[in-house]
Amino acid sequence: MSSFKQRMDEARGLVKIDMVLRGAMLVNVFSGEIHETEIGVHQGAFVGIGTFAEAEKELDLCGKYVVPGLIDGHVHIESSHLCPEEFCSVLLSHGVTTAVVDPHEIANVLGSRGIQYILDSVNGLPFNTFVALPSCVPATDLETSGARLKAADLLQFVGHPKVIGLGEVMDYLGVIEAKQDMVEKLSLPVSFFDGHAPGISPQDLNAYFLAGIHTEHECSTVEEARERLRRGFHVMLREGSAAKNLLDLLPAVTSQNSGQCLLVTDDRHPRDLLNEGSIDHLVRLAIKAGVDPIQVIQMATINAARAIGLSRLGAVAPGYQADFVVLNDLKSFAIEEVYWQGTKVSPKGERPKFPRSDASGLTESVHLTDWVPKKLRVFANSKSKSLSHAQVRVIGVQEHSLVTRALIRELPVKDGLIMTDLTQKIAKLAVLERHHGTGNIGVGFVEGLGLTKGAIASTVAHDSHNLVVVGMSDEEMNLAIRTCVEMGGGLCLVDNHQIIGKLPLPIAGLMTDQDAETVAQNLAELHRLAVGLGINRMVDPFMTLAFLSLPVIPELKLTDLGLVDVEQFRLTDVVLES
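Sequence order sets the numbering: in each chain, residues are counted from 1 along the sequence as written. Local features are withheld for residues below a pLDDT of 70 in this predicted model, meaning they are given only at 70 or higher, and side-chain atom pairs are given and counted only at 80 or more; totals for whole chains, interfaces and linings count all residues. With hydrogens and water stripped out, all remaining heavy atoms of the structure feed into the side-chain values.

- In the annotation of an unreviewed UniProt entry, the entry for the chain reads Adenine deaminase, and the organism field reads Desulfosporosinus meridiei.
- UniProt positions are given in the numbering used here, feature names are shortened, and annotations may be inferred rather than shown by experiment. Per UniProt, the comment on the chain under Sequence similarities (unreviewed entry) is "Belongs to the metallo-dependent hydrolases superfamily. Adenine deaminase family."
- Under the Cofactor (unreviewed entry) heading, UniProt states for the chain: "Mn(2+)".

Given below as structure tokens:
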């Protein structure tokens, strides 16, 4: 019998197949209905729905629901602090069988070596990992990253079976102004170009879309989402650990345009992954908010597959890869079992254990040269020793948002130095270049974290991942900095001139090979201790700190080169003229 005829007979239910699911209530993402059917699986793919008489294995679901494996259309593994193998294991236990990852973070530290590490780590795992090559390393010229990747550097990865596209194109000005570097990257022979253009004007969106960039995850208002939907963009509804836009954007989703919407997490901490979930958490949130469950599941599966170009994923239908999730009910969306290519990989939410890749060559990534604490000082713009206050530009943190405010505040001056202010809960913020030993340091001030004492430091600082520290005294900031260096990267808390908590992240200063539960427990303790330092309970201290150095999201950010006015895309003075 020819292979073609064999496939026809399998689909028609005339010959024995590997597995049949009987009594399944299929959530059909094509027809938008729930119907009872049998589902045939053979050699890792669905052969069809209907009736299948013979199978090597029969699974009677007794009316349980079957939905396609969930898809996270945009996520950074590094932001979880977990190594890739552990990250994929956690996602599988939450019904996510596919993720489009952008190794932007580790590439900004280690360049091509970081991308290769991600590809090597996910190779052979029972999980669909697709890589979108980082388009902006560095993200801007207003910071110093560990590497610089041109189109020629990315070309070596094109053709790899897991490489499908170009990651979030943050340099939207470079795109619409047709700068050579971006033109070359957008000419790479890949099929998917991911967007990232907060604050872009509606008119400029036309050019951005014409460049081939058809997705966007940085919408923070309904109007921004609508402007993109009107132009044909696929809008990613994001709910991460720091940026939470899903509920705000749901009013933009209608029955007429929901096919253009998909769900993504972007950046999510292990504590949230374990306690709440991944895309399954977003599904529950949307259903609770009143969105039709079938519509939500479409956004979590087939919509994502279509937006990204994953032609055989996201549905239970003939020829599609047999990735699916079994549920008792749709409202709670509690995961019963998870299958990848027809094989059970996570029963009852249990996590599979995967061996770790060798990361020994990625652990020497923190390099400070000639560091002295006096570099943390900020001088008032006056020769007068009697000056008591100075006007200063201050970064204003907002709850659940990556967008900061550009504030003007008066801060006390002592011996010509501008001080932190406990009454206004304004702390000092510094970003130290940690890749090349340049000695670069940017120093500024921040309001809205709530810090009243001590210091917090981290080598996770988007996008270039320099060492970022916030504190109420230079001495405690210095101790936190030195601790991060000694750990080879990680997170640190200081109180009363003592180290009260730390989490080593030796892999590029971003990740660890510890299991997710250990990392989550450690992070939970660090968060508890951070609240003791005055940190607002509604603010994720480390995730928020990580984004205070991201100079592509408005309004005011700090990098190792200084304070950045994101709206004007230039450096600006911290201290106003006296």
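1. Here we look at the sheet that holds strand E28 (residues 570-572)
- In this description, strands pair whenever DSSP reports at least two bridges between them. By the criteria applied, helices consist of DSSP H or I runs no shorter than four residues and strands consist of E runs no shorter than two, each listed in order from the N terminus. Taken in spatial order, the three strands of this open sheet run E26-E27-E28, and their pairing is antiparallel. At either margin of the open sheet sits one strand with a lone partner, and together these are strand E26 (556-559) and E28. Put simply, the sheet's adjacent strands are angled 45 degrees from each other on average, direction ignored.
- Taken together, the four bridges between E26 and strand E27 (residues 562-565) define a ladder with antiparallel strand orientation. Inter-axis angles, ranging from 0 to 180 degrees, are taken between N-to-C directions of lines fitted to C-alpha atoms, where helices are fitted over the stretch in contact.

2. Section: the side chain of His527
- Turning to its location among the elements, His527 is positioned in helix H16 (residues 516-532).
- Once residues lying within four places of it in the same chain are set aside, the contact partners of His527 are His269, Arg271, Asp540, Pro541 and Phe542. Residue contacts are counted whenever heavy atoms from the two residues lie within 4.5 Å of one another.

3. Here we look at the layout of surface pockets
- Two kinds of site are reported from a 1 Å grid over the protein atoms alone, namely cavities, where a 1.4 Å probe fits but cannot get out, and pockets, open sets with protein on both sides within 12 Å along at least five of seven lines, and residues are called lining when an atom falls within 4 Å of a point. Grid points are joined across faces, edges and corners, and a volume is the space filled by probe spheres set on the points. The volume enclosed by the largest pocket comes to roughly 530 Å³.
- Listed by contribution, the elements that provide at least two residues to the lining of the largest pocket are helix H11 (270-275), H16 and helix H17 (541-547).
- Examining the composition of the lining of the largest pocket, we find that five residues originate from one element, H16, more than from any other.
- Any residue outside Ala, Val, Leu, Ile, Met, Phe, Trp, Tyr, Cys, Pro, Asp, Glu, Lys and Arg is labelled polar, Gly included; the first ten of those are nonpolar and the last four are charged. Tallied by class, residues from the lining of the largest pocket come to 13 nonpolar, nine polar and 11 charged.
- Where each domain begins and ends is defined by an automated method or by a domain database. Residue contributions to the lining of the largest pocket reach at least three from each of two domains, namely domain 1 (69-313) and domain 2 (373-571).
- Put simply, the second largest pocket is a space of about 330 Å³.
- What lines the second largest pocket is a set of 17 residues, and nearest its centre among them are Ala139, Thr140, Asp141, Asp171 and Asp181.
- Residues belonging to the lining of the second largest pocket are distributed by class as follows: eight nonpolar, two polar and seven charged.

4. Digging into the pattern of salt bridges
- Salt bridge, as applied in this entry: a Lys or Arg side-chain nitrogen positioned within 4 Å of an Asp or Glu carboxyl oxygen. What the rule picks out here adds up to 27 salt bridges.
- Note that Glu86 is salt-bridged to Arg356, the shortest N-O span being 2.9 Å. Here Glu86, found in helix H2 (residues 84-93), pairs with Arg356, found in the loop between strand E16 (343-347) and strand E17 (389-396); they are 270 residues apart in sequence, far enough to count as distant.
- Judged by relative accessible area, Glu86 falls into the buried class, the value being 2%.
- Note that Glu336 is salt-bridged to Lys348, the shortest N-O span being 2.7 Å. With Glu336 in strand E15 (residues 335-340) and Lys348 in the loop between E16 and E17, the pair connects residues that are 12 residues apart, well separated along the chain.
- You can call Lys348 exposed: its relative accessible area is 56%.
- Here the residues in one salt-bridge network are Glu86, Arg351, Arg356 and Glu517, joined through shared partners. Burial here depends on accessible area, computed with a 1.4 Å probe over protein chains only, as a share of the maximum for the residue type. Under 20% is buried, over 50% is exposed, and the range in between is partly exposed.

5. Observations concerning unusual backbone geometry
- Note that the residue after His462, namely Asp463, is joined by a cis bond; omega there is 0 degrees.
- Cis peptide bonds are those with omega within 30 degrees of zero, and the linkage from Pro554 to Glu555 qualifies with 0 degrees.
- Tracing the chain through its elements places Glu555 in the loop between H17 and E26.
- Located in the positive-phi region is His81, a residue other than glycine, with phi close to 70 degrees.
- Inspection of the secondary structure assignment puts His81 in the loop between strand E6 (70-75) and H2.

6. As for empty space enclosed by the protein
- Going through the model one piece at a time under the given rule, you end up with five cavities of 30 Å³ or more.
- In this model, the largest cavity occupies a volume close to 80 Å³.
- Looking at the largest cavity, it is lined by 15 residues, and the ones nearest its centre are His76, Glu168, Asp267, Asp463 and Phe547.
- Here the residues of the lining of the largest cavity are counted per class, giving three nonpolar, five polar and seven charged.
- Structurally, the lining of the largest cavity is a two-domain feature, drawing no fewer than three residues from each of domain 1 (69-313) and domain 2 (373-571).
- Here the second largest cavity defines a volume of roughly 60 Å³.
- In terms of lining residues, the second largest cavity is bounded by Leu368, Thr369, Trp371, Lys375, Leu432, Glu433, Gly437, Gly439, Asn440 and Ile441.
- Residue composition of the lining of the second largest cavity, grouped by class: four nonpolar, four polar and two charged.

7. Focus: the sheet that holds strand E22 (residues 455-458)
- Taken in spatial order, the nine strands make up an open sheet running E19-E18-E17-E21-E20-E23-E22-E24-E25, and their pairing is mixed. The outermost strands of the open sheet, each flanked by one partner alone, are strand E19 (417-418) and strand E25 (498-504).
- Here strand E20 (residues 426-432) pairs with strand E23 (residues 467-471) via five bridges, running antiparallel. If you follow Lys428 over to E23, its bridge partner there is Gly471.

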